[in-house]
Amino acid sequence: MDNTVATEHPHTHETAVHAEHTHVSLPQHRHHFETVEQQREAGSFGMWLFLLTEIMFFGGLFFAYLLYRNWYYDAFFTASNQLSIPLGTANTAILITSGFFMALAVWCAEVRKKDMLVWTLILTTVFGIAFLGIKYVEYHEKWEKHHIPGAHFDISEFVNPAAHGIKEKPLPPDMAQRTQVFFFLYFAMTGMHALHMIIGVGLLFWLIWRARRGDFSAGYVAPIENFGLYWHFVDIVWLFLFPLLYLINRHPLH
Amino acid sequence: MAEIAHHHAEAEDPTNVTNPEHGSHHIVTPRVYAMVFGTLLLFTAITVIAAFIDLSWANPVIALFIACFKAVIVILFFMHVKYQSRLIKMTIASGFFMFISLIVMTLSDYISRSWGLW
Amino acid sequence: MSSTATIVSLPDQATARLPKRSYLNNEDGLLSWLLTGDHKRIAILYLISITFFFFIGGAFAGLIRLELLTPQPDLVAADTYNKFFTMHGIIMVFLFLVPSVPATIGNFLIPIMVGAKDLAFPKINLLSWYLYVVGGIMVLAALVLGGVDTGWTFTTPLSTHYLNTHVITAALAIFVAGFSSIFTGLNFIVTIHRMRCPGMTWFRLPLFVWSNYAASLLMVLGTPVLAITLVLVLLERVFGIGVFDPTKGGDPLLFQHLFWFYSHPAVYIMILPGMGVISEIISTFSRKRVFGYTAVAFSSVAIALFGFFVWAHHMFIMGVSNYSALVFSLLTMLVAVPSAIKVFNWAFTLQKGSITFETPMLYAFGFLGLFTIGGLTGVFLGSLGMDIHLTETYFIVAHFHFVMVGGMLMAFLSGVHFWWPKMTGRMYPESLSKLAAVTTFIGFILTFMPQFILGYLGMPRRYHAYPPEYQVLNVLSTAGATVLGVGYMLPLLYLGWSLKYGAIAGDNPWQATGLEWQIQSPPLTENFIEIPIMDHEAYDYEWLEQKQKNEVTTVG
C-alpha cells in the first residue's frame, strides 16, 4: 500500500498535470469518495453542520435565560451572586487551556508527531475532567444550600440575607421565589454543557487509545480535527455561559 | 492499485465540482495557538474585573462583547476557520443568523407586549 | 406516440429479465440489510417502516371519523378521543410525513441524481433509520401504556401540569425521532454540496434535489429547537420548576414560541420534497423541461428561508402582542409567494406539453388542485382578522389536511409509483393504480371539503361532540374517509403483488431524463460502474432523443 506523501504536492487542481500524481492514499479512504481530500472536507463540513444544530439547541435555553433575566432581574442577580467567581473563573481558564491543548493535538496529527499527539490529547482530557470536577463541587454546594429547584428549594437566604451573613438587598418573597427560575436555568444550561463535556471526554479516551496505536500519525487527521471542532464548540458555549450566569451584577453592595 | 489519483483529468471536470474551492491545507502553528490562548486568558481576566465595576447598562454589553470576541478568535484560529473554504464560513454565518433570528423575533413579541417596561 | 397515448416503454416481456446483479441481491441475509451502508437499502427499510406507521396513524383517523359520525359523544370517552387525535397527529406528522419523501425517495435517489456512489455518511444514514425505529417504538410504547392526550402540539401548561398520561414517553420518542431527521438532512446537505459528479453544476441538478436540499436546511436548523423544547417540557414535568408555569413566574407562551419555531418550518420540511417530486413528474409526463427552472430552484430555497420567520401565525389568539401578530401576518403573506411561483411554473410546464395520464401524473394533477386550494386557505388563515374566527375550528383541520394529504401524501404516492420501476425493476398494474389514484382523489374531496364548511360554520376542532346541525357534513366526511381508506389500501396490495408478478421495467420505462434513468433497474449497489460526467442540462429531452436514437435495443 503506497502511503508516501507527495511532498511537493501542488495543492492546486488547475495546475496538476496528469492523472497520476501521487496522492496520499489512506486505508481509511471510503469507496464512495473520489479522493481522500473530498472525504476530509465532507467530514469537516458535516461536523460543522452538526455544530449548527447544537447552536440552535442551546439557542432555546439562551432565549429562556434572556427572557427571564429581564422579567426577574433582581432575583437573577441576587441568585447569580451566590455562584463562586473564583471557581467559575478557574473553570473558564481550565477549559480554555483544554482547548489550547486540543488545538495543539490537531497540529501534532497534521505534522505526524505521535507521542506529542497522545500527550496533548491526554492533557486535553485531564483539563476537561478538572472542569467537570469543579462543576461537581459547585453543584454539591448548591445541593447543600438547598438551592436546587424543586420541592426542597430554600429561599430564606434571599428573603433575609443579613441573617446568613450575605451582603445583599433582601428580596420580597415572590421575587425570592423567582430565584428558582435562575437556578433552573443555571442547572439546565451548565448541566447540558457538562453532558456534552462528558460525552467529549468519553470520545477523548477512545481517541487517545487509537492515537497510541498510531491511527492518526500517518496522515489520517480527520477524527482529531473534527473532534477538535466539537470540543472548541463546547468551549465557546461555556465562554458565553460564564459571564451570563456568574457575572450579572457583581458591583458593591460588596 | 493504491495510487488513488484524481479520477478524471481536469479537462473533464471544468467546473471542478469534485473539490471546488477546497480549503487549503494550511497548518496553523503552535505559536499562533499560544497567542490565542494568551489572549483568551487575558480577556477572561478583563471580563471578571469589569463585572466588579459599576457601568450600569454597559456591564452586560461589555461582557457579551468580550464573550463574542473570544468566541470569534476560537472559531477563526482554534477551529481553523480563517483558512477554510467559503462554504464553511457561510455555514457558520447562517448558523449564527438563525440563532439571532430566533432571539430577535421572539424577543420582539415580548418587548411589544409591555412597551415601556423594558 | 402510440394511439393509447402513453409514454411507457417496456422491454419485450418475452425476453426481458431483471439484471443479474443489483443492490437487492448483492448480499444476502437479514444482517446484510440491518447493517447496510447502502443508501438504497436504507431507503427500502424506511419505506417499510413508514408504511407501517402510516397505517397505524390511519387507523386512528378511522376511529376519529367513526366517533364523529354522531353528534353525541357515544363511542369513546373524551380523554380517549383526545388520545385518538393526539396519536394520529404524532404518528402522521413525525413518523410519516416528515421522513416520507426525504428518507425513502430522497435517500434512494439523491446520490444517483448527483452522480455519486452513496451519501456522504452511510453509517450516519443507517443510524438515522435506527433512531427513527427507536422513536417509533417509543411512540408505540406510549400508545400501549395508555396513550397521550395533549394533542400533537404538547401545549403547556396542559402537557406539563394538568395531565397524567404518558407525555414523557411521547416527548422522548419525538426527541429521538427528531435526530433521525437531523442526520438525514445533514447527510443530504454534505452530499449535494460536495459529491456532485464532474460537470454537475448546481443548475444542472434535478429540481427534486433542490427541494430536498431546501428541506434539509430546515431539518438541520429547525429540529434542534424542537429538541430543546421537548427537553424543557420533560424537565418541567419531572421537576416542576416553573419555566412554563405562570404560577411560578414562567410563560406558557415561551413554549409555544419555541415549539412553533420548529413546527412551522416542519410543514415546509414535509411539503418541499413533495414539490420536488411534482416537478419531476410534470416534466416527464409533459415531455417538456420545467418552465423557469431557476425560479423553481430559488423558490424552494426562498420557501425554506421565509418559512423560518412566520411561526407565530399559529399563535395569533394565544396572547402575542398585536404588533407581533401584524408582523407575522405580513410575513405569512410573503411566504405564500414562492409556493405560488412553483404552481405557476408547473402550469406553464404543462402548457404545450405532450401530456399523458399515467398514474404518477394523475397523482400530480391531484396535487396541483388540492395543494392550491389548501395553500390558498392558508393565506386566509394568515390574515389576522379571519384567523381569529377560523382558528381552532375545522377550517384549520381542513387546511392542513388539504396541503398535507391532498398535497404531500399525493406527491409521495406519485413519487413511489414513478420510481417504483427503478427501485424494484418491476412495473405495477396500470389500471389498478389509476383506479386507486382516482379513488383517493374522490375520497379526499369527500372527506375534507365538508370540513372547510364545518369550520366556517364554527365547529371547533378536537371536540368529539357537536351540535346536531353539523351532522350531515360530518357523515359526508366519514363516508369520504372510508373511500380514502380503500384508496390507500390498494397500492399496498398491487405494489406488493408487482414485486413478484409485475412486468419487467427495464432501465427507463418512462423515457425520462435524469441520471437515475440511465442506469439499470434496480440499480447496482455502487450505482454507477463509472462515475458519470454531466454534460447536459436537466430535463434535456433533445439529449435523450439523441441518446435513444443511437442506442441498440434489439438483437440482429
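The structure reproduced in this document is the subject of the present report. (Residues numbered from 1 in each chain as written. Chains lettered and ligands numbered in written order. Predicted model: local features only at pLDDT ≥ 70, side-chain atom pairs only at ≥ 80, totals over all residues.)

As for the overall build of chain A
Assigned secondary structure in chain A consists of 8 helices and 0 strands. Starting at the N terminus, the α and β elements of chain A follow one another as α-α-α-α-α-α-α-α. Counting over 254 residues, chain A shows a buried share of 50%. Long-range contacts, defined here as pairs at least 24 residues apart, represent 74% of the contacts in chain A between residues at least 6 apart. (Helix = DSSP H or I, 4+ residues; strand = E, 2+ residues; numbered from the N terminus. Buried ≥ 20, exposed ≤ 12 C-beta atoms within 10 Å, placed from the backbone. Contact = placed C-beta atoms within 7 Å.)

A short note on the interface of chain C and chain A
The extent of an interface is frequently quoted as the accessible surface area lost upon association of the parts. Counting from both sides, the interface comprises 29 residues of chain C and, opposite them, 27 residues of chain A. Elements that contribute at least two residues to the side of chain C that touches chain A include exactly α7 (167-194), α8 (207-239) and α9 (252-286) of chain C. No other element matches the 9 residues that α8(C) contributes to the side of chain C that touches chain A. Partitioning the side of chain C that touches chain A into residue classes produces 20 nonpolar, 5 polar and 4 charged. (Nonpolar A, V, L, I, M, F, W, Y, C, P; charged D, E, K, R; others polar.)

Comments concerning the environment of C:Trp420
Here C:Trp420 lies in helix α14 (residues 394-424). Not counting residues up to four positions away in its chain, the partners in contact with C:Trp420 are C:Tyr428 and C:Leu495.

With respect to the packing of helix α3 (residues 78-97) of chain C against α7(C)
All names here are of chain C. With their axes 10 Å apart at the nearest point, α3 and α7 run at an angle of 15 degrees to one another. One way to sum up the angle between α3 and α7 is to call them roughly parallel. Crossing hand, α3 versus α7: left-handed. Contact residues: Ile90, Phe94 and Leu95 in α3; Ala170, Ile174 and Ala177 in α7. Class assignment of the residues belonging to the contact of α3 with α7 gives a composition of 6 nonpolar, no polar and no charged. (Axes fitted to C-alpha atoms, helices over the stretch in contact; angles between N-to-C directions. Parallel < 35°, antiparallel > 145°, perpendicular 65-115°, else oblique. Left-handed = near helix turned anticlockwise from the far one by under 90°.)

Let's talk about the environment of A:Ile224
Residues and elements named next belong to chain A. Its location among the elements puts Ile224 in helix α8 (residues 222-246). C-alpha separation for the pair Ile224 and Ala109, spaced 115 residues apart in sequence, amounts to 7.4 Å. If we ignore the near neighbours within four places in the chain, the residues touching Ile224 are Ala105, Val106, Ala109, Leu207 and Phe216.

A word on unusual backbone geometry
The amide bond that connects C:Thr156 to the next residue, C:Pro157, takes the cis arrangement and shows omega of -5 degrees. In this structure, C:Pro157 sits in the loop between α5 (122-145) and α6 (158-161). C:Pro522 follows C:Ser521 through a cis peptide bond whose omega is -10 degrees. As for its position among the elements, C:Pro522 is in the loop between α16 (471-501) and α17 (541-549). One non-glycine residue, B:Ser56, lies in the positive phi region at around 40 degrees. Backbone geometry at C:Asn527 places phi at a positive 65 degrees, although glycine is not the residue there. Structurally, the position occupied by C:Asn527 is in the loop between α16 and α17. Among the residues examined, C:Asn527 registers 23 C-beta atoms within 10 Å and is labelled buried.

Everything listed here is a matter of geometry and, on its own, says nothing about what the molecule does.
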